[in-house]
Structure formats: C-alpha cells, structure tokens
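# Structural features, examined
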Amino acid sequence: MYTFSLTRCLQLRRHPNLLNQHRKIFSRTGVWPVFGSELDSHCPQVELMQDDVLTNNVRKEVDAYWKEKYSSVAKDSTSSVDNVHGQGKKYVLAMFPYPSGKLHMGHVRVYTTSDALARFYRHRGHQVVHPMGWDAFGLPAENAALEHGVQPQLWTYTNITQMKAQLLELGCSLDWHREFATCHPEYYRWTQYIFLKLFHAGLAYQDQALVNWDPVDQTVLADEQVDEAGRSWRSGAAVETRFLTQWFLKITRFSKSLYEGLSNPSLENWRDIPKIQRHWIGECNGYRVEMLLRRRDNRDTKQLLQLVTQPLVRLWMPQLELIHGISFIGVRPGHKLDSNESKAQLRGHYRVLDVMAECPLSHRYIPIIVSDKLPCHDEAEYHVGIPCISEHDKNIARTCEFDTPNVLNGDTIINSGDLDGLSIEEARLEVQKRLQASDAGGYQTSARLRDWAISRQRYWGTPIPIIHCSQCGAVPVPAEELPVTLPDITTFKGKGASPLKQATDWLNCKCPRCGSAAERETDTMDTFVDSSWYFLRFLDPNNSSLPFTPEAQAALMPVNVYIGGKEHAVLHLLYARFMQHFLASEGLVDTHEPFTRLVMLGQVKSDSYRVKTTGAYLAPHQVNFSVSPPVARDSGEALEIISEKMSKSKKNGVDPQELLEEYGTDTTRLLMLADVAPASERIWSSDTFPGNLKWQHRLWLTVGEFIHARQSQQGCSGDSSLSSEEEKSHRQQLYEVRNWCIFNVTRKLNHSHSPSAAIKFMQTLTATLRNMPVKMIMTKEYEEALQTQIIMLSPLIPYFASELWSGFCSVATSTSTKKDRGLLEQAWPEVDEHYSLPLFYKIPDKDVQLVKVPRKVLERLTNEEAFELISKEEEFQQYLVGRTVTDTQLTIIKGLNGYVRFSFKIHDKVAVQEQRKKLRAEKKKEKKLKQMKRAERKKETM
C-alpha cells in the first residue's frame, strides 16, 4: 500500500533498536508508532520484521495504560429501580465462583464471555447489571482447617482477595459495589430467613432417610451430587448409603410447576436443558399422599402410638380417587422401615411389619409389608396396593389376610363415604382438595423426584436456624434473632460429625417457645441453598431489613442472560428455579422463572498423557514429543493421549496467569473468545493462537495506516489510476460490508451470544478495509467502516480497542465520529436506514422464508403492510390457495429483523389437499435429488 525506501529497510535491519525507540504507544506520546504503516508495504526486506510491529510488550503496555485510565472511572453499573431507562435493563450474570484461590481456564471462559456481553449491552444503551460475588461456603475450606490448621474464614477471604485481583486483571467490568460472599453473616442471615419461610410453609422438615454418604468428605450428598457411576461429584469417592436424620426441602411440592415451567415461552435459547431437567423431575402423573405412621403398643395390642422416629410415609399415587381402596403399602427389603425396630410377621413371601400407616382422610390403619416380589413402580419408594384395580394386589392382600375394599364401579366411586356416587374426576378433585387442606399432600408430582436433602455434617456452612427442645420439638429461631452465626472454632477434630457439637457455649441455649434448656441444630445447609437465591440479593445487597425489596426485583428480574457451565444444568438450575417458584408462591417475587436466556458453556479441555501400563498421568514436560506417537520421556513407555477437562490430578491444566503474563489481558481474552462456539467444548491449544494474533496485528496496522495517510494526505494523490466508477464501486462495497457486519455481529451477540461467531464477521470487515486502495482511506465510507470496526471490538478487547480508537480519533473528520466521547461511551453501530433487513415468515412444512425490506420501511410496518409485502411472494400465494388469513402478528427487532406469524382458516378443503399433495411431491423430488448428488460425490471420491 505504501512506498518504503530500501535505504530505510536496510537501516532497520542493521539497527533494529531504532524500531524499539518507537514502541511507546500513541496514548502516551500522541504519535502512532511510525513503522506500523510502513511495515505493511511490499518491501520484502522487512517482511521478517512484521511480527515485531505489535509485540507482546506493546500489547501489555496498551493494557496497562488503559487499565490505569479506566480504574479511576470504574465501569460499575449504577442500575437501580429509579435508574432503569433508555433501552431498558439487562441483567447479565455469570455463575459466581467458589473461591478456591486461583482462576482456572473454565473461569476465564465464563467471565470473559459474560463481560463481553455486558459491555455489548452497555454500548446498546441498556442499563446493565453485571454483578460478582463468592459462593464461599463449602468443604475445601474446612478440609484446609483439618489438614493445614488454617481457619476456614481466613482461608476463604484470602482466596477471595487473590481471585478478585485476577478478575480485575482479566479486565472484567463488574459491579463491585454489589459484591458479597455467601459466608458473610449479612448474606446468610437472609438464607436463614428464607429457610424459615419454607419451614412455616410446611416445606422444610426433618426425617430419617437413606442418604448418599461420601466416605472421603464424610458428609451427605443430594441425589444430584452423585454421578452416573455412583461417585461423589466433588471427591470422586464411591458413594455409600446410610440412614440418617436429615433436613429436607419439599421440592416435590413444586414438581408440576417446575416441569411445566420448562415450556414457558419466556425461556430463550435453553437448548437441551429443558429435556435434561424434565428427565430429572419426571412426568407429574401422580399425587403425593402423606400418612402418619403408628406402632402397636406392646402393653396393649389394640392401642396404636405415633412412630416418632419416622412419623410419615410419603406415597406417590397415580389414582388419588381410590385412596379408600388401599389395602396395604409395600416396601422393598432394605427400606428404612425394614429395620430391627419394626418387628415383622411372615405371611407367605411377605413380611408384615408392626407399623401401620394412618389414612389422613378416613383415619383407618393400613398395614405395611416388605417383599422383593411387589409390582412396584421402578422409581416410586412405596408400592400402594389397591386390590380393586390389580389382581396382583388382590392376591397379596388375600395371602396376608388384609381387607380388599372395592371402591370402584365402572366410572363411579363406591364404598368411600361421602365420595360415593362421584365420578372418577370429581372424586379425584375432592380428595386432592381435602389432602391439601389437611397438609397431607394432594399435589401433583412424579414418582422420580425426591425431596431435597440439605443437611450437611460440617462447620463451614449456613447454620440451620432451628432449636431442638425436649418439650416442644423442632422450634424455629425467631426472625428477629437472625442471623444464627457460626461460633469460632479453633480445632477441627475430624470428619463425620459436625464440629459445631464441640462449641458447647453456642450449642446450648433456651427454647424460644417454652424457655427450657435446648440445643441448636448442628447440621449446616448444603451450599446449593446459598446459591439458590443469590441472584436476587445482588439487586439489593446492602439492604439490612429485607433480602431484597419488591421494587428491586420487579424492576431488574428476571436475569436476562445467565452464563455458566452446562454441568450445572441439574444441580444448580433446578434448585434456583425451585426457590424462585417458592418465593413467587409467597408473593415475594413477580416471576416464576429466574433466568430468561442461558448461555451454557462447554468445558475447557486439553490433552492429558497417561501411561498405558500404570495409568499414571504425566505433565507435558515429562513427554517426549520428538517421536510419533509421543512416549514417556524417562521410560519410553506408550501413552494414552486424551482430551480431558483440565485438572491438577491429570496434569493437563493451563494457568491463566501464565497467559496474562505472556500476552496481556486483551489478547488472553481474544484467545479464549475466538474460534469456538460457547456451547462447544474448547480444546485448548496454542495452534489456534497465530490466526488471532495476526488479526490483532492487522487491526493495529490498519489504524496506523489510516493515521499515516490522513496526516500525510497521501491518499489525495495516490492511486491516480482509480477511475470514478472504481471508486464508486469501492464506496458501495464499504457501505455493504459495514452494514452486513453490523447486522451479523449484533445478531450473534444479541441472540446467539456467540463472541466467536461475531469475531468471524469482524475479520471479514478487516479484510475488506485492508484490501481497499490507498485513495479510499480518505473517504467517509472508509472512516465509517473503520469506526464501526473499532467500536465492535470494544466488548471483546476493550483496552486494545481503546488504543485504536484514540489513534483513530486523532485524524477522523466525519461528523458521524463522536470524538468528544471515549470508546466505552460510544453508541453501538446501527445499520443505515436504506440497508435492507430480513422480514421472516413461516409457511407450515417449509423452511423459514424472508423478504428483504429497507430498515426505514421495516421499522414502520403495520400488520397489514407486512401481510401485503409477503402476499407478493409466489410460495406464500401458493400456500394461500384454499386458505384465508385470519390473523397477522408482526414483531420488529429494531435494527435487526422482523418476524410475521399468521393464523389461517381453511375454506376450500379440496384445494388444500391438492396443495399438500403437490408439496409432498416436491419434497420427494428434492429428497431424491439430494440422494443423487450424494451418490455422485461418493463416486467421485472413490
């Protein structure tokens, strides 16, 4: 593009230090590095020097300058209830991290993605909420106390300090004024407050249960925390089962709501998450029935007493209307009721226990049997024996000499008291109503889902705000006495029992109800309880009177974009949805679903090297790569090379700090965001670096050349051979590519939330700019295209883009360039009014169709005008044969597209049948043509 003297080339080759003299960046000197433009010339003598134009030192100098500049005007969102204006709010939330001490590459992927989206929405004029906090309770802190004598509080807060510094170094524009840690009493006070809400609503209860036990961490695990191989999600140990008294949250109460909520049209881009959650919840095709357990008094065989240690059985019944027809309840061997306490009588293949269930409606006693020959539903805990609808149940009842009540005559209920004469549906609704009124179930649920076990036998967790009194039972701590804070414990004796039992001054207390001596609950809550509502606290983090105000949640919920790992699709998302549904049922929040859009990121993986004979993992420096395939460096043994999730144990981790130290902040961000779609697994490899580094280099050169040409007016006399027609063509090309790029980058960030796809479109714009003749640099079209390029870079690499913007503005002359504002204050580019945008519409059994409409026309369209436009399309006209449009609904997304939905009515069935027949023939023809083409391609490759 530019002339560059051979003398100057040779001078630089002999004295490369001259090049380094110009390494100071523009923002410090007011002069763009001189050789940035010259080195892009066609002079072969300096071809080898081009990689030195944008060195890593320059990259880091740019980062350092702009970090320092922006630190004084930190880009905290100032969103509040009174400050939601303009384009409206955008709540962008990345799943907050556990403070382990150092960021890993998975963190880098999550937080650079969320930051890119938050910055994008700020440019779009939205009031952005982009908070950060710490999921700070958990076993690692307690294990550190056991192994190293470090107090959990000190270990946790030290790690938070370190990780916060790394997030700042990563350039994340977070709302630090909203920051909190879940281990702080001012946070877990409100976790306890919500627990008490659940308790008073009858949704938190204590029960003996067969639980999952982690023998390494020696604590209870929820079902969701056990993988398919039966191992703990955290320690990896083979999980055991034990009977323990636990606290549960009645998530089953919201089974149907949670299941149906997955079809809520407000949920966008959830991909396969609804399928995963539906599978976990199970189809809600039955009802919960809760019955008290009674045991016979040995002194009086006719007297039944309540069984205190196991007060309830919780049944799943598909046919609730037949509750008076239950003859017996069955459990499998090894069930919690099948214990030494429950003596049994053998009748045939069945053991009849000396405990019975009390029907909550009729109060009759129902026997309980143990057998491995019951026709149990695979996923139900109990078998409900109803002889009038099951021959198998009838035979069991006769063998055990139980009553066999017949409560069904065709579709009419009989022998059921005041339910007699009701239809099946009428009786079902009546039983459901009565059970709900007596707090004995009656709600729809699945056989699969179990209530959420939240008890953990550890110190470093939210204390459960319950006091155990020998007179009053489990008594909730009064709300005004919250928080129940953790006592200071200086020694941790070991695992298996809660260390809180050691803190006798804390443990022993008075019953708030009767004043008797009592003890505090020593189990703490599962950390998933802490994270089940944290997104609400971010809205009002300093409120000392409520967990959040009604105004804050009404203005800022739901979360618009939620970013995190797909591995949390069941664990965290289900619990967060449950908590939101509960709070909505209490009238505390306005929306049932907490998250609108999910961006579930694939794992970051890298190659691991495992010795085939021993299974031992080797670090890369222990591998000999000079042979193929690589072998162990010391022994020469064969290796198994697998791409696996980065971990210390597999010695395949990459430390983000090393990347930051070598390449700087923005380049590290770019290397993470580019190339791979968010939902895809990222196989980390330095092989992907060169393409992105070269693009960054070309951007640097482009701005340098722009400055050089504008300052020297070189473009005014250059390219004299460029005809007016050629110039017009180039202007049109710049116009088209700029608008095309704006449209696609905006769409990818706003709808797909895919920075990698956006980058590909930006690279096309860069290529177009670099292929322009020198004379075009002086044009308004070139300046507008370069301006667009730099602003669109800002969300991804804000410091580097800020340096480009600073240099660009020094010579920009177009009135469209707002030089009085910094880059971060620039409005996001929009397509021009005359640029055509797609108006989409759908014909049944056809792919989505579109017509192109100039933006200024599209954004003023009425329903009638949209219908008129689409009616001109031949395929639409063909579809209308025999049909009449009854309704037209038009949705316009400003600056992007429109979508039209039609409702039809058939008025000529014969014509419609003919049209369908023709459509089937066309499809068959298309399919055959595709098959022929595939066969031809296959033949060519043979």
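This is a predicted model, so every value here is computed, not measured. (Residues numbered from 1 in each chain as written. Predicted model: local features only at pLDDT ≥ 70, side-chain atom pairs only at ≥ 80, totals over all residues. Heavy atoms only, no water.)

Quick look at a positive patch on the surface now. A cluster of basic side chains, namely Lys-927, Lys-930, Lys-933, Arg-934 and Arg-937, defines a positive patch on the protein surface. Inspection of the secondary structure assignment puts Arg-934 in helix 30 (residues 909–941). (Patch = residues over 30% accessible without salt bridge, like charges linked within 9 Å, V, L, I, M, F, W, Y side chains within 5 Å. Areas by Shrake-Rupley, 256 points an atom, 1.4 Å probe, with all protein chains shown as cover. Salt bridge = Lys/Arg side-chain N within 4 Å of Asp/Glu carboxyl O. Lys, Arg positive; Asp, Glu negative; His and termini not counted. Charge placed at Lys NZ, Arg CZ, Asp CG, Glu CD. Helix = DSSP H or I, 4+ residues; strand = E, 2+ residues; numbered from the N terminus.)

Turning next to the layout of surface pockets. Taken as a whole, the second largest pocket encloses approximately 1,000 Å³ of empty space. Lining of the second largest pocket is provided by 44 residues; of these, Leu-210, Asp-223, Glu-381, Arg-450 and Asp-451 occupy positions nearest its centre. Elements that contribute at least two residues to the lining of the second largest pocket include exactly strand 3 (204–214), strand 5 (240–249), strand 8 (312–317) and strand 17 (452–453). When residues in the lining of the second largest pocket are grouped by element, the largest group, seven residues, is from strand 3. Residues that form the lining of the second largest pocket fall into these classes: 22 nonpolar, nine polar and 13 charged. (1 Å grid on protein atoms, 1.4 Å probe; cavity = no way out; pocket = protein on both sides within 12 Å on 5 of 7 lines; lining within 4 Å. Points joined across faces, edges and corners; volume = space filled by probe spheres on them. Nonpolar A, V, L, I, M, F, W, Y, C, P; charged D, E, K, R; others polar.)

Here we come to the pattern of salt bridges. For the structure on display, the rule yields 42 salt bridges. Put simply, Glu-290 and Arg-288 hold a salt bridge, and the shortest N to O gap is 3.2 Å. Judged on exposure class, the residue Glu-290 and its partner Arg-288 are both buried. Residues Arg-577 and Glu-593 are paired through a salt bridge, measuring 2.8 Å at the closest nitrogen-oxygen approach. (Buried < 20%, exposed > 50% of the residue type's maximum accessible area, 1.4 Å probe, protein only.)

Let us look at helix 24 (residues 755–770). Over its 16 residues, helix 24 runs 22 Å from end to end, which matches the ideal 22 Å to within 8%, given 1.5 Å per residue. The buried count for helix 24 comes to 12 of 16 residues, which makes it a mostly enclosed element. For helix 24, the full list of buried residues reads Pro-755, Ser-756, Ala-757, Ala-758, Ile-759, Phe-761, Met-762, Leu-765, Thr-766, Thr-768, Leu-769 and Arg-770. (Expected span 1.5 Å × (residues − 1).)

The next point concerns the sheet that holds strand 34 (residues 883–893). Across the sheet, which stays open at both edges, the four strands sit in the order 33-32-35-34 with mixed pairing between neighbours. Each having just a single partner strand, strand 33 (849–854) and strand 34 make up the two edges of the open sheet. Taken pair by pair, the neighbouring strands of this sheet meet at an average axis angle of 25°, ignoring direction. In terms of strand pairing, strand 32 (residues 836–841) meets strand 33 through six bridges, oriented antiparallel. Opposite Phe-840, over in strand 33, you have Leu-850 as the bridge partner. Of the strands in this sheet, strand 32, strand 33, strand 34 and strand 35 (897–906) are in contact with helix 28 (residues 863–871), which crosses strand 34 at around 110°. (Pairing = 2+ DSSP bridges. Axes fitted to C-alpha atoms, helices over the stretch in contact; angles between N-to-C directions. Contact = heavy atoms within 4.5 Å.)

Take the side chain of Glu-783 next. Tracing the backbone through its elements, the reader meets Glu-783 in helix 25 (residues 780–793). Judged by its relative accessible area of 1%, Glu-783 is buried.

Moving on, we come to the UniProt feature "domain: Aminoacyl-tRNA synthetase class Ia" (unreviewed entry) in the protein chain. The UniProt record marks residues 449–607 and 644–673 with the feature "domain: Aminoacyl-tRNA synthetase class Ia" (unreviewed entry), using the residue numbering of this structure. Span residues 644–673 is 57% helix and 7% strand, its end C-alpha atoms 20 Å apart. (UniProt positions renumbered as here; feature names shortened; annotations may be inferred.)

The subject of this paragraph is the nonpolar core. Counting 204 residues, the largest nonpolar core has Phe-195, Tyr-534, Phe-535 and Leu-839 as the members making the most contacts within it. Those residues in contact with Tyr-534, other than ones at most four positions away along the chain, are Leu-93, Ala-94, Met-95, Phe-96, Phe-180, Tyr-187, Tyr-562 and His-572. Counting residues in hydrophobic clusters, the runner-up holds 31 residues, among them Ile-366, Ile-368, Val-384 and Val-431. (Core = buried A, V, L, I, M, F, W, Y, C linked by side-chain atoms within 4.5 Å.)

On to the packing of helix 11 (residues 273–281) against helix 18 (residues 571–585). Closest axis-to-axis distance for the helix 11/helix 18 pair is 11 Å, and the angle between their directions is 75°. As summarised for this structure, helix 11 and helix 18 are arranged roughly perpendicular, according to the angle between their axes. Contacts between helix 11 and helix 18 involve Ile-273, Gln-277, Trp-280 and Ile-281 from the former and Leu-573, Leu-574 and Arg-577 from the latter. Tallied by class, the residues present in the contact of helix 11 with helix 18 amount to five nonpolar, one polar and one charged. (Parallel < 35°, antiparallel > 145°, perpendicular 65-115°, else oblique.)

Attention shifts here to the environment of His-200. Looking at the secondary structure, you find His-200 in helix 9 (residues 185–200). In this structure His-200 comes out as exposed when scored by relative accessible area, which is 61%.

Right, let's talk about unusual backbone geometry for a bit. The peptide bond linking Leu-482 to Pro-483 adopts the cis configuration, its omega dihedral lying at 5°. Within the fold, Pro-483 resides in the loop between strand 20 (473–476) and helix 14 (504–507). In this structure, the amide linkage connecting Met-557 to the following residue, Pro-558, adopts the cis form with an omega of 0°. Residue placement: Pro-558 occurs in the loop between helix 17 (550–556) and strand 24 (559–565). For Lys-651, which is not a glycine, the phi torsion comes out positive at approximately 55°. When you line up the elements, Lys-651 lands in the loop between strand 30 (639–645) and helix 19 (656–663).

Strand 25 (residues 595–601) sits mainly inside the fold: seven of its seven residues count as buried. In the sheet, strand 24 pairs with strand 25 via six bridges, with the strands oriented parallel. Paired with Tyr-562 across the bridge in strand 25 is Leu-598. Running through helix 18, the crossover from strand 24 to the neighbouring parallel element strand 25 is right-handed. (Right-handed = clockwise from strand over helix to strand, strands pointing away.)

With that out of the way, let us pick up the sheet that holds strand 25. Read across the sheet, four strands follow the order 2-1-24-25 without closing on themselves; strand pairing throughout is parallel. With partners counted over all chains shown, the strands left at the sheet margins are strand 2 (127–129) and strand 25, one partner each. If you compare each strand with its neighbour and ignore which way they point, the axes differ by 20° on average. Along the sheet, helix 6 (residues 105–123) makes contact with strand 1 (89–94), strand 2, strand 24 and strand 25, crossing strand 1 at roughly 170°. Helix-sheet contacts for helix 18 involve strand 24 and strand 25, and the interaxial angle to strand 25 is about 170°.

All right, on to the packing of aromatic side chains then. If you walk through the whole model with that rule in mind, you get 44 aromatic pairs. Between the aromatic rings of Tyr-534 and Phe-538, the centroid separation amounts to 5.6 Å while the plane-to-plane angle is 70°, which identifies the pairing as edge-to-face. Here the two residues Tyr-534 and Phe-538 agree in accessibility, since each one is buried. Ring centres 5.0 Å apart and planes at 75° place the aromatic pair Tyr-879 and Phe-904 in the edge-to-face group. Residue Tyr-879 is located in helix 29 (residues 874–879), and its partner Phe-904 is located in strand 35; the two are separated by 25 residues in the primary sequence. For Tyr-879, a relative accessible area of 9% corresponds to the buried category. Among the aromatic side chains, those forming a connected cluster through ring pairs are Phe-96, Phe-180, Tyr-187, Trp-533, Tyr-534, Phe-535, Phe-538, Tyr-562 and Phe-595. Over the face of the ring belonging to Phe-254 we find Arg-253, whose NZ or CZ atom lies 5.9 Å from the ring centre. Sitting over the face of the ring of Tyr-879, Arg-883 holds its NZ or CZ atom 3.8 Å from the ring centroid. (Phe/Tyr/Trp six-rings, centres within 6.5 Å; stacked < 30°, edge-to-face > 60°. Lys NZ or Arg CZ within 6 Å of the ring centre and 35° of its normal.)

Let us now look at the state of the cysteines. Considering all chains together, one arrives at zero disulfides under this definition. Looking at the unpaired Cys-388, the closest cysteine sulfur is the one in Cys-359, lying at 14 Å. (Disulfide = S-S within 2.5 Å.)

This part covers the packing of helix 19 against helix 20 (residues 665–673). Describing two packed helices takes the angle between their axes plus the distance from one axis to the other. Where helix 19 meets helix 20, the axes come as close as 7 Å, and the angle between the chain directions of the two elements is 125°. With respect to their mutual orientation, helix 19 and helix 20 come out oblique. Note on packing geometry: the crossing formed by helix 19 with helix 20 is right-handed. Contacts between helix 19 and helix 20 involve Leu-659, Leu-660 and Tyr-663 from the former and Thr-665, Thr-667, Thr-668 and Leu-671 from the latter. When the residues that make up the contact of helix 19 with helix 20 are grouped by side-chain class, the tally is four nonpolar, three polar and no charged. (Left-handed = near helix turned anticlockwise from the far one by under 90°.)

In this fold, Leu-749 is placed in helix 23 (residues 724–752). The spacing of Leu-749 and Thr-815 is 66 residues in sequence and 27 Å in space, taken between C-alpha atoms. Setting aside anything within four residues of it in sequence, one finds Leu-749 in contact with Leu-117, Phe-120, Tyr-121, Ser-754, Pro-755, Ala-758 and Trp-828.

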